[in-house]
Amino acid sequence: MIRDFSTGDLVLLLLAARWTIALSVIAFVGGSAVGLLVALARTSSARIPRYLATFYIELFQDTPLLMQLFVVFFGANVLGFQISAWTAVSIGLTLYGSAFLGEIWRGCIQAVPAGQWEAAKALGLRTWQASLLVVLPQALRLAVPPTIGFLVQLIKNTSLASIVGFTELTRTGQLVNNATYEPLMVFLVVSLIYFALCWPLSLASRRLERRLARTAA
Amino acid sequence: MLNYTFQFGAVLRDWPLLLDGLLLTVKLSIVSMVFGMAIATACAFASAYGGKGLQRGVLVYVEFIRNTPFLVQVLFVYLGLPSLGIRLPAEYAAILAMTINVGAYGAEIIRAGIESIPRGQVEAGKVLGLRPLQIFRLIILKQALIAIYPALTSQFILLMLGSSIVSAIAVEELTATANSIQSRNFRTFEVYFIVTLIYMALSLAFRVAFHLIHERWIRVR
């Protein structure tokens, strides 16, 4: 049965966006927590954590996200865990996010002038005090624009969950298209919903970046 | 513990299929990159020298593509165009979607490159009696391309990795090859693991090649 694209379908798509948002939030929060550890390891003065973090980042930056999701999904099966598509995608996107955020934050930590670190040490602060109270707050300020920029990538990339079998916005779009056969209309609406989520973040990221460039000058 | 026997041999036996998939992945990426850069350069030229309407058009294209998922763009092209009476083979639909996508990212990179050229150089070009197109070609574009070479090569790697998404519309590239191999031999994990490594090797090979090209021809001595 082919039916027309109706307001009911529009509501269906808008509701499906909840899953896209939920997935983005999980991946962003999880990715941030792991990503902070990756960034600290990557900028550590100890060699082994630094090499491991470098390898971890390369691994995720040089392979397709879709493959990463497949490997997590079927890898869990091999290890004897039966996990749902939802869990697999959450883990996959979290790992992916942590590698990219780790690399972004590495750049921000290293952008804080070395003199700040030396001054903190000269004032008698301990290593953890110098990094937590002096370096990280300054790095955080630099990190906001690129982090928001990456959040946009993350939101867009949750669409790959549809290929693994999780019904979020893109998958719902495909289902609605199968029922209505109005692909132009359906995927235009789907695109517009993604655009409404991503564009304000893109704008904010660019605006903050410009403000940061002005204060630095 | 691990109740599973890995059988990578079952996957490696299918190497001719994997090689075909790999070659198609490379072909799709290179063809789309070339077309995409043509679009990107035209867009950058239009937003630097075009009228208000043209500038706004470029802005809408770039922002819309950059703020929507590539997968949705692929589905839009592959499923949407036939309803307008344009029937494309899956492979062409993939190239079209990839070109449109990389064109928008490229336009943004080239625009940043052009903006990095100091105004004084354009004025110097004028004083030397160069025509506008000569200034664009000899002074702006050449230096801009040197400046943005690293960004463009990263974009190519992203395009190549992103091309795994066109497996969703049954283009028999590397990821789709993995899908069909695992549906026959059921060594699902092994297939995706090996194909992930192949993608990684491919990225590294391209990075090395881009570095050599940079050292040989691009770096200003």
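Residues numbered from 1 in each chain as written. Chains lettered and ligands numbered in written order. Predicted model: local features only at pLDDT ≥ 70, side-chain atom pairs only at ≥ 80, totals over all residues. Heavy atoms only, no water.

**Considerations on the overall build of chain A**
Of regular secondary structure, chain A possesses nine helices and zero strands. Listed N to C, the secondary structure of chain A is α-α-α-α-α-α-α-α-α in terms of helices and strands. With respect to the principal axes defined by its C-alpha atoms, chain A has extents near 75 × 50 × 25 Å. Roughly 10,800 Å² of accessible area belongs to chain A as shown, and the carbon and sulfur atoms make up 68% of that amount. (Helix = DSSP H or I, 4+ residues; strand = E, 2+ residues; numbered from the N terminus. Areas by Shrake-Rupley, 256 points an atom, 1.4 Å probe, with all protein chains shown as cover.)

**A closer look at the overall build of chain B**
The secondary structure content of chain B amounts to nine helices and zero strands. Reading chain B from its N end, one meets helices and strands in the order α-α-α-α-α-α-α-α-α. Overall, chain B is about 75 × 50 × 30 Å in size when its C-alpha atoms are taken along their principal axes. In chain B, which comprises 221 residues, the proportion classed as buried is 48%. Considering only contacts in chain B between residues 6 or more positions apart, those separated by 24 or more positions represent 78%. (Buried < 20%, exposed > 50% of the residue type's maximum accessible area, 1.4 Å probe, protein only. Contact = heavy atoms within 4.5 Å.)

**Details of the side chain of Arg187(B)**
Structurally, Arg187(B) can be placed in the loop between α8 (174-185) and α9 (188-218). Look past the residues within four positions of Arg187(B) in its chain and what remains in contact with it is Tyr4(B), Thr5(B), Gln7(B), Ala10(B), Val11(B) and Gln182(B).

**What about the packing of aromatic side chains?**
A complete count under the given rule lists 21 aromatic pairs over all chains for this structure. Through a chain of ring-to-ring contacts, the aromatic side chains of Phe70(A), Phe73(A), Phe74(A) and Tyr192(B) assemble into a single cluster. (Phe/Tyr/Trp six-rings, centres within 6.5 Å; stacked < 30°, edge-to-face > 60°.)

**Quick notes on helix α5 (residues 90-115) of chain B**
The end-to-end C-alpha distance of α5(B), which contains 26 residues, comes to 38 Å, matching closely the 38 Å that a straight helix rising 1.5 Å per residue would cover. With 19 of 26 residues buried, α5(B) lies mostly within the body of the structure. (Expected span 1.5 Å × (residues − 1).)

**Here we look at the interface of chain A and chain B**
Contacts between chain A and chain B engage 37 residues on the former and 36 residues on the latter. Roughly 3,300 Å² is buried in total at the junction of chain A and chain B, and carbon and sulfur atoms are behind 76% of that figure. Of all residues in chain A, Asp62(A), Val78(A) and Leu184(A) bury the most surface against chain B, accounting for 20% of the area lost on that side. At the junction of chain A with chain B, the criterion picks out two salt bridges. (Buried area = accessible area lost by both parts, 1.4 Å probe. Salt bridge = Lys/Arg side-chain N within 4 Å of Asp/Glu carboxyl O.)

**Focus: a positive patch on the surface**
A grouping of Arg207(A), Arg210(A), Arg211(A) and Arg214(A) is seen on the molecular surface, where their side chains present a positively charged patch. Relative to the helices and strands, Arg214(A) is located in helix α9 (residues 183-216). (Patch = residues over 30% accessible without salt bridge, like charges linked within 9 Å, V, L, I, M, F, W, Y side chains within 5 Å. Lys, Arg positive; Asp, Glu negative; His and termini not counted. Charge placed at Lys NZ, Arg CZ, Asp CG, Glu CD.)

**Remarks on the pattern of salt bridges**
Evaluation of the coordinates by the stated rule reveals nine salt bridges over all chains. Residue Arg3(A) pairs with Asp9(A) through a salt bridge whose shortest N-O separation is 2.6 Å. Using a relative accessible area of 2% as the deciding quantity, one classes Asp9(A) as buried. Among the ionic pairs, Arg111(B) bridges to Glu115(B), the shortest N-O distance being 2.7 Å.

**A word on the confidence of the model for chain A**
Here chain A averages 93 in pLDDT, while 99% of its residues score no lower than 70. Across chain A, the secondary-structure element scoring lowest on mean pLDDT is helix α5 (residues 114-122) of chain A, at 91, and the one scoring highest is helix α2 (residues 47-61) of chain A, at 96. (pLDDT = per-residue confidence, 0-100.)

**Considerations on the packing of helix α4 (residues 70-80) of chain B against α5(B)**
Residues and elements named next belong to chain B. Where α4 meets α5, the closest approach of the two axes is 9 Å, and the angle between their N-to-C directions is 135°. One element, α4, and the other, α5, form an angle in the oblique class. α5 is crossed by α4, and the crossing has right-handed handedness. Every residue of α5 that contacts α4 at Phe70, Gln73, Val74, Val77 and Tyr78 is listed here: Ala90, Ala93, Leu96, Ala97, Met98 and Asn101. (Axes fitted to C-alpha atoms, helices over the stretch in contact; angles between N-to-C directions. Parallel < 35°, antiparallel > 145°, perpendicular 65-115°, else oblique. Left-handed = near helix turned anticlockwise from the far one by under 90°.)

**Regarding the packing of α5(B) against helix α7 (residues 132-162) of chain B**
Residue and element names in this part refer to chain B. α7 packs onto α5 with a crossing angle of 135° between their chain directions and a minimal axis gap of 8 Å. Looking at the two axes, α5 sits oblique to α7. Seen along the crossing, α5 lies across α7 with a hand that is right-handed. Between α5 and α7, the contacting residues are Met98, Val102, Tyr105, Ile109, Ile110, Gly113 and Ile114 on the first element and Phe136, Ile140, Ala144, Ile148, Ala151, Leu152, Gln155 and Leu159 on the second.

**A look at unusual backbone geometry**
One non-glycine residue, Tyr181(A), adopts positive backbone phi at about 50°. Backbone geometry at Ala170(B) places phi at a positive 60°, although glycine is not the residue there. Among the secondary structure elements, Ala170(B) is positioned in the loop between α7 and α8.

**Notes on the environment of Arg137(B)**
If you trace the backbone, Arg137(B) turns up in helix α7. A relative accessible area of 51% places Arg137(B) in the exposed class.

**Let's talk about the confidence of the model for chain B**
Close inspection of predicted coordinates is inappropriate in any region flagged by low pLDDT. Per-residue confidence for chain B gives a mean pLDDT of 91, with 98% of residues at or over 70. The ipTM, which scores confidence in the relative placement of chains, is 0.92 for this predicted complex, and the corresponding pTM is 0.91.

**As for the environment of Pro132(B)**
Residues and elements named next belong to chain B. As for its position among the elements, Pro132 is in helix α7. Looking at Pro132, the relative accessible area reads 66%, which means it is exposed. Put simply, Pro132 and Phe76 are 56 residues apart on the chain and 39 Å apart in space, counted from C-alpha to C-alpha.

**Section: a nonpolar patch on the surface**
Residues and elements named next belong to chain B. Residues Leu84, Ile86, Leu88, Tyr92 and Leu96 make up a contiguous nonpolar surface patch of roughly 450 Å² in combined accessible area. The topology assignment puts Ile86 in the loop between α4 and α5. Residue classification places Ile86 among the partly exposed residues on the basis of a relative accessible area of 41%.

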